[in-house]
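Close look at the chain arrangement
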Amino acid sequence: MPLQAGPLSPVPLVIFSHGLGGSRMGYSYLGSHWASEGIASLHPQHVGSDNALWRGNPIEMVQRLQAAARESEAQARALDLRFALDQILKSDQAQLIDPSKIAVAGHSYGASTAMLISGAKVATAGGDAVDLRDQRIRAAILISAPPFVGQGPVEQVLEAVRIPTLHVTSLGDSINLPGYRSSVEDRIAIFNAMNRSPKTLAVFNTGGHSIFTDRTTRSGPDISARIKSATRELCTIFLQQSLLQNNPMSNESLRKWYLRHESLLDRFVTPQTAPSH
């Protein structure tokens, strides 16, 4: 919670969903930065798809990961976020939060969770439509967003997402879980499919899937730190513009961000430069 938050100056809130096998502690570089910029963040831990998956018989690990990625768990994670929001907004801390300025963010499997409560519509194995949208969500940050396996055309799944979205990925951003493999092309396909969202895309030219967590990856500490710095800055600009000024991603703030981090970028698309549909 930001130090300046108070009953007379409530702050925006981001609810963050971790990736498969992750935890609420794995993205502190984002949460701590947001707090320093006057934005609170809430990081629930999704029991059933958290870091407990890494414990147990190593031979059965792939089966545990696949089970955690199933449709029922995906829907349960979205309900986790709704429950967490309900709890904090009726707690003693509710007076510190502006309920009209709430965003969702997530990495990998957490980005899927974020899309579900932002309006993505999926169906159960029996064909029944499931709408898990939370009307309190005003913007969404989607880092390394994976495809919706077995859910039909992505444009149809994401047609109802109307809020501003920020999409972040890298050229080496690949998921290699059997049955759920995806790459940067899948992240870009999700961006392209959100035809009704004021959307921004940043594709870094280096770094793998885990570079967006707190871990220092094979890219090395220097590149890892630079990607994290650029990511948290861009996410903060997005939140400030989307939640505080009702002007998603102003040209000037984005131009300055781009100039600072141009050497790290393969592609950068803003609502002003995205093709119209």
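What you see is a predicted model, and the numbers here were worked out from it, not measured in a lab.

What follows covers the overall build of the protein. The helix and strand tally for the protein stands at eight helices and nine strands. For the protein, whose C-alpha radius of gyration is 18 Å, the value lies close to the compact-globule estimate of 19 Å for 277 residues. Counting only C-alpha atoms and orienting by the principal axes, one finds that the protein spans roughly 50 × 45 × 40 Å. Contacts in the protein between residues at least 24 apart in sequence constitute 75% of all its contacts with a sequence separation of at least 6. Mean positive and mean negative side-chain charge positions of the protein (26 and 23 charges, respectively) differ by 1 Å.

In this section: the pattern of salt bridges. Applying the stated criterion to the full structure yields ten salt bridges. R82 is the salt-bridge partner of D134, the closest N and O atoms lying 3.8 Å from each other. One end of the pair, D134, is in the loop between β5 (129-131) and β6 (137-143); the other, R82, is in helix α3 (residues 71-88), with 52 residues separating them in the sequence. On the basis of relative accessible area, R82 is assigned to the partly exposed category, the value being 27%. Notably, a salt bridge pairs E233 with R260, separated by 3.2 Å at the nearest N-O pair. Taken together, the residues span a long stretch of sequence, with E233 in helix α7 (residues 221-244) and R260 in helix α8 (residues 251-261) at a distance of 27 residues. Salt bridges linked by common partners bring R82, D86, D134 and R136 together as one network.

Taken as a whole, the largest pocket encloses approximately 930 Å³ of empty space. What lines the largest pocket is a set of 36 residues, and nearest its centre among them are L20, S108, Y109, I175 and L177. Those elements that place two or more of their residues in the lining of the largest pocket are α3 and α4 (109-118). Looking at the lining of the largest pocket residue by residue, the classes come out as 16 nonpolar, 16 polar and four charged. Of the voids in this model, the second largest pocket is the one considered here, and its volume is about 210 Å³. Looking at the second largest pocket, the residues that line it are G172, S174, N176, G207, G208, H209, S210, R215, T217, R218 and S219.

Across the sheet, seven strands lie side by side as β2-β1-β3-β6-β7-β8-β9; this open sheet has mixed pairing. Where the open sheet ends on each side, the last strands, each with one partner, are β2 (40-42) and β9 (265-269). Here the average twist between neighbouring strands, direction ignored, is 20°. Where strand β3 (residues 97-107) meets β6, six bridges bridge the pair, whose relative direction is parallel. For A105, the partnering residue across the bridge sits in β6 and is I141. Running over the sheet, helix α1 (residues 28-36) touches β1 (11-17), β2, β3 and β6 and is turned about 175° from β1. Those strands touched by α8 are β8 (199-208) and β9, and its axis lies near 175° from that of β9.

Thresholds, definitions, all that
- Residues numbered from 1 in each chain as written.
- Predicted model: local features only at pLDDT ≥ 70, side-chain atom pairs only at ≥ 80, totals over all residues.
- Heavy atoms only, no water.
- Helix = DSSP H or I, 4+ residues; strand = E, 2+ residues; numbered from the N terminus.
- Rg over C-alpha atoms; globule rule 2.2 N^0.38 Å.
- Contact = heavy atoms within 4.5 Å.
- Lys, Arg positive; Asp, Glu negative; His and termini not counted.
- Charge placed at Lys NZ, Arg CZ, Asp CG, Glu CD.
- Salt bridge = Lys/Arg side-chain N within 4 Å of Asp/Glu carboxyl O.
- Buried < 20%, exposed > 50% of the residue type's maximum accessible area, 1.4 Å probe, protein only.
- 1 Å grid on protein atoms, 1.4 Å probe; cavity = no way out; pocket = protein on both sides within 12 Å on 5 of 7 lines; lining within 4 Å.
- Points joined across faces, edges and corners; volume = space filled by probe spheres on them.
- Nonpolar A, V, L, I, M, F, W, Y, C, P; charged D, E, K, R; others polar.
- Pairing = 2+ DSSP bridges.
- Axes fitted to C-alpha atoms, helices over the stretch in contact; angles between N-to-C directions.

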